[in-house]
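Report on the structure
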Amino acid sequence: MLIAVTVVLIIMLLGSIGTVFAFSWAATHQQFENLESAAESIFDADEPIGTPTDPSITRNS
Amino acid sequence: MSSENALKPDAAAIEESRLQRLEIDRAARWPVGIFLGSSLFWLLLGSALAIAASIKLHDPEFLAENAWLTFGRVRPAHLNIVVYGWLSTAGIGIGLWILSRLCRAPIRDHRSLTLAAVLWNMGNAVGTWGILRGDSTAVEWLEYPTYAAPFLLVCFAFVTLEAVGLIRRRPPGHIYISQWYIMAAFFWFPALYFTAHGLLILAPVQAPAQPPINWWFAHNVLGLWFTPIGLGAVYYLIPKIIGRPIHSYYLSIIGFWSLAFFYAWNGMHHLIGGPFPAWLITASVVASIMMFIPVITVAINHHFTMVGHFKKTIYSPTLRFVVFGAMCYTLASFQGSSMAIRSLNGITHFTHYTIAHAHLGVYGFATMVFFGSIYYIMPRLLEREWPSRFLIRIHFWSCALGFIGYWSFLSWGGVLQGIELNQKDTPFLEIVALTMPYLKLRTISGSLMTLGHVAFAISFCWMIIRHRASDGEPTLFTKRVPDPAPIHE
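Rules and cut-offs
Residues numbered from 1 in each chain as written. Chains lettered and ligands numbered in written order. Predicted model: local features only at pLDDT ≥ 70, side-chain atom pairs only at ≥ 80, totals over all residues. Heavy atoms only, no water. Helix = DSSP H or I, 4+ residues; strand = E, 2+ residues; numbered from the N terminus. Rg over C-alpha atoms; globule rule 2.2 N^0.38 Å. Buried < 20%, exposed > 50% of the residue type's maximum accessible area, 1.4 Å probe, protein only. Contact = heavy atoms within 4.5 Å. Areas by Shrake-Rupley, 256 points an atom, 1.4 Å probe, with all protein chains shown as cover. Lys, Arg positive; Asp, Glu negative; His and termini not counted. Charge placed at Lys NZ, Arg CZ, Asp CG, Glu CD. Salt bridge = Lys/Arg side-chain N within 4 Å of Asp/Glu carboxyl O. Phe/Tyr/Trp six-rings, centres within 6.5 Å; stacked < 30°, edge-to-face > 60°. Lys NZ or Arg CZ within 6 Å of the ring centre and 35° of its normal. pLDDT = per-residue confidence, 0-100. Patch = residues over 30% accessible without salt bridge, like charges linked within 9 Å, V, L, I, M, F, W, Y side chains within 5 Å. Axes fitted to C-alpha atoms, helices over the stretch in contact; angles between N-to-C directions. Parallel < 35°, antiparallel > 145°, perpendicular 65-115°, else oblique. Left-handed = near helix turned anticlockwise from the far one by under 90°. Nonpolar A, V, L, I, M, F, W, Y, C, P; charged D, E, K, R; others polar. Expected span 1.5 Å × (residues − 1). Bend = angle between axes of the 7 residues up to and from the residue.

A separate point is the overall build of chain B. Along the backbone of chain B there are 15 helices and zero strands. The C-alpha atoms of chain B give 23 Å as radius of gyration, which agrees with the globular expectation for 489 residues (23 Å, within 12%). Projecting the C-alpha coordinates of chain B onto the three principal axes gives extents of approximately 90 × 45 × 45 Å. The proportion of buried residues among the 489 residues of chain B is 59%. Counting contacts in chain B only where the partners sit at least 6 residues apart, residues at least 24 apart contribute 83% of the total. Carbon and sulfur atoms provide 69% of the accessible area of chain B, an area that totals close to 19,400 Å². Looking at chain B, you have 33 positive and 23 negative side-chain charges, and the mean spots of the two groups are 5 Å apart.

Now for the pattern of salt bridges. For the structure on display, the rule yields 14 salt bridges over all chains. Across the pair B:Lys240 and A:Glu47 runs a salt bridge whose closest N-O atoms are separated by 2.7 Å. Separated into two different chains, B:Lys240 in helix 7 (residues 210–242) and A:Glu47 in the loop between helix 2 (35–40) and helix 3 (55–58) make up a pair that spans both. Assigned by exposure class, B:Lys240 and A:Glu47 land together as buried.

With that settled, consider the packing of aromatic side chains. What characterises a pair of aromatic rings is the spacing of the ring centres plus the angle enclosed by the ring planes. All names here are of chain B. Counting across every chain of the model gives 45 aromatic pairs over all chains. The ring centre of Phe-396 lies 5.1 Å from the NZ or CZ of Arg-320, which sits over that ring. For the cation-ring pair, Arg-380 lies above Tyr-376, with the distance from its terminal atom to the ring centre recorded as 3.6 Å.

Looking now at the confidence of the model for chain B. When pLDDT is averaged along chain B, the result is 92; 93% of the residues meet or exceed 70. The complex prediction reports pTM at 0.93, with the ipTM value standing at 0.89.

Here we come to the side chain of B:Ser459. Residues and elements named next belong to chain B. Looking at the element boundaries, Ser-459 is found in helix 15 (residues 428–465). Taking relative accessible area as the criterion, Ser-459 reaches 0% and is therefore assigned buried. Aside from chain neighbours lying at most four places away, what touches Ser-459 is Trp-386, Pro-387 and Leu-391.

All names here are of chain B. Not every positive phi belongs to a glycine, and Leu-63 is a case in point at roughly 55°. Tracing the backbone shows Leu-63 in the loop between helix 2 (9–58) and helix 3 (71–103). Judged by relative accessible area, Leu-63 falls into the partly exposed class, the value being 31%. Residues other than glycine seldom take positive phi values, yet Ala-138 does so here, at roughly 65°. The topology assignment puts Ala-138 in the loop between helix 4 (110–132) and helix 5 (149–169).

By the secondary structure assignment, B:Asn124 is in helix 4. Residues contacting B:Asn124, with those up to four places away along its chain left out, are B:Trp42, B:Tyr84, B:Gly85, B:Thr89, B:Tyr144 and B:Leu152.

Next up on the list: a nonpolar patch on the surface. Residue and element names in this part refer to chain B. A cluster of nonpolar side chains, Leu-44, Val-454, Ile-458, Trp-462, Ile-464 and Ile-465, forms an exposed patch at the surface whose accessible area comes to about 520 Å². Considering every element that reaches the nonpolar patch, the biggest residue donor is helix 15, with five residues. Overall, Leu-44 belongs to the partly exposed group, its relative accessible area being 31%.

Quick look at the packing of helix 7 of chain B against helix 10 (residues 292–306) of chain B now. All names here are of chain B. Contact geometry for helix 7 and helix 10: axes closest at 10 Å, N-to-C directions at 15°. Comparing their axes, helix 10 and helix 7 come out roughly parallel. As helix 7 runs across helix 10, the sense of the crossing is left-handed. Packed against helix 7, whose contacting residues are Leu-231, Val-234, Tyr-235, Ile-238 and Ile-242, the element helix 10 presents Thr-297, Val-298, Asn-301, His-302, Thr-305 and Met-306 at the interface. Across the contact of helix 7 with helix 10, the residue classes tally to seven nonpolar, four polar and no charged.

Here the focus is helix 7 of chain B. All names here are of chain B. Look at helix 7: 47 Å from first C-alpha to last across 33 residues, which is about the 48 Å you get at 1.5 Å a residue. Remark: the principal bend of helix 7, roughly 40°, maps to Asn-220. Burial analysis of helix 7 places 30 of its 33 residues in the buried class, the great majority of the element. Looking at the residues trailing helix 7, positive phi occurs at Gly-243, about 75°.

For the rest of this paragraph, the subject is the environment of B:Leu224. Residues and elements named next belong to chain B. Along the chain, the position of Leu-224 falls in helix 7. Looking at Leu-224, the relative accessible area reads 6%, which means it is buried. It is 21 Å that separates the C-alpha atoms of Leu-224 and Gly-123, two residues lying 101 residues apart in sequence. Not counting residues up to four positions away in its chain, the partners in contact with Leu-224 are Ala-185, Trp-188, Leu-192, Leu-259, Tyr-263 and Ala-264.

This next bit is on helix 15 of chain B. Its 38 residues place the ends of helix 15 of chain B 54 Å apart at the C-alpha level, agreeing with the 56 Å of an ideal helix rising 1.5 Å per residue. At B:Met436, helix 15 of chain B shows its maximal bend, which comes to roughly 35°, and the proline B:Pro437 appears one to four places after that position.

Residue and element names in this part refer to chain B. Two numbers describe how helix 8 (residues 249–262) lies on helix 10: the axes approach to 8 Å, and their chain directions differ by 150°. Relative to helix 10, the element helix 8 lies roughly antiparallel. Viewed along their axes, helix 8 and helix 10 form a crossing whose handedness is left-handed. Contact with helix 8, carried on its side by Leu-251, Ser-252, Ile-254, Gly-255, Ser-258 and Leu-259, involves Ile-293, Pro-294, Thr-297, Ile-300 and Asn-301 of helix 10 and no other residues of that element. Residue classes in the contact of helix 8 with helix 10 are distributed as six nonpolar, five polar and no charged.

Taken residue by residue, chain A gives an average pLDDT of 83. The fraction at 70 or more is 87%. When mean pLDDT is compared element by element in chain A, helix 2 of chain A scores highest at 89, while helix 3 of chain A scores lowest at 73.

A separate point is the environment of A:Ala27. All names here are of chain A. Looking at the element boundaries, Ala-27 is found in helix 1 (residues 2–28). Classification of Ala-27 as partly exposed rests on a relative accessible area of 37%. Measuring from C-alpha to C-alpha, the distance between Ala-27 and Ile-57 comes to 38 Å, with 30 residues separating the pair along the chain.

What follows is the structure in structure tokens.
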């Protein structure tokens with residue numbers, strides 16, 4: 001039982017520390033700034049905003 | 001004029017971008033293709049076992065003479081095959097592909113990932129064999145015997161290492177919300193699986209502590225594994241397909257971090273009424289109600305991103321599946337939070353209503369989003385189009401109608417069952433008889449869903465063995481309107 005509780009506590013600690021670390025990393029690395037450009041970051045030069053990337057839509061619109 | 005001279009400066013950028021994506025898709029072809037292809041095998045096997053289990057509920061003599069096919073083995077085999085064989089296998093493939101695309105970095109070590117895919121499938125095969133031969137652990141959602149776990153562990157080590165490598169090789173700048181979701185899922189799932197496996201099977205804790213660990217695991221598999229992979233896919237596919245950024249990136253961030261911080265508390269609401277500390281259950285009920293925050297942010301984002309574009313679901317198979325799945329996500333989450341309210345839980349607990357709810361999450365949401373994702377990914381991996389519009393139509397309508405029927409019948413039957421279970425004077429066998437019509441309708445609905453899966457598998461195999469390269473003709477839900485060039489490569 002003691003081993004089990006220790007394992008759970010270690011995993012809880014690691015998980016919590018990991019999540020808090022990821023959150024603070026995101027905050028200090030401008031991940032919560034310039035949100036508009038972040039939303040547009042998935043578009044490329046050949047698949048820009050305004051261009052559907054499913055050929056079935058392109059052919060019918 | 002040579003093609004070089006013909007390129008304007010921005011045309012060069014366009015060409016560079018196209019070639020980079022082509023390189024990424026080609027590097028992903030084998031590992032992602034194996035994950036996606038093998039997931040379909042498990043989908044078909046899981047569906048066959050689901051129908052067998054469903055028939056046994058209203059016709060207990062069906063296949064009862066063979067010990068391997070008794071309800072106590074078929075039902076957990078179905079559950080584990082669908083969770084680990086279909087959804088997890090497809091989820092790994094989809095997650096890796098989207099991560100690779102968003103990191104703008106090709107998968108580097110495709111050999112180890114291919115080996116990972118083989119190991120994952122071996123783990124599923126060994127686990128399924130173990131359950132059917134009677135070696136089940138009898139821990140719900142973790143029924144695979146211990147000897148299946150090492151295969152899954154090694155596979156996930158390869159997958160997570162490659163995912164970390166992709167993130168490290170990305171160009172500097174923002175990490176898009178889908179990357180956050182998928183990366184987190186690749187860490188959360190192995191932590192969940194191996195913690196629960198260790199504490200429940202390898203070195204079991206004392207009996208009273210087992211149900212909380214079991215439901216902490218089972219609930220989080222949905223919320224911290226399928227949900228982030230599914231939402232990561234939705235946040236990537238909807239904007240890419242319609243060519244419009246998500247409505248509010250700010251809301252998407254709130255959605256992700258509230259899921260990360262609070263979801264893990266949810267599972268204890270499965271134990272309402274059980275012999276557990278009151279604070280444990282109450283904390284879980286509160287966390288379940290708090291889930292309205294990430295769900296509403298996601299729902300607003302999905303809906304307002306799609307506003308003005310819903311008509312495109314007429315044409316695009318991917319969009320139709322993904323939008324259907326996204327709507328089911330909202331519905332499943334609202335329903336799940338409401339089921340944590342004690343008064344409602346007192347009726348729905350131990351009834352078919354819970355089964356309907358579980359299928360709303362894993363089928364209506366996760367499975368439909370994964371179908372849509374595969375429709376988007378495969379033509380880019382193989383550089384050829386889906387072979388048959390007819391098969392895609394059969395796939396969508398069989399699955400959608402079958403699922404709507406399944407969920408509606410079981411929800412309604414479950415509520416009636418729950419009301420009667422709370423009447424102390426109603427004989428139990430009367431309640432069993434009351435649920436019979438709903439169980440038969442469940443079998444019919446499930447068979448319809450399976451028909452869709454068969455159509456999908458035929459379509460998938462046909463696409464692979466057809467050696468003709470894409471002629472640019474897209475596979476539509478409706479008849480083609482003539483127009484310009486193919487756009488994906």
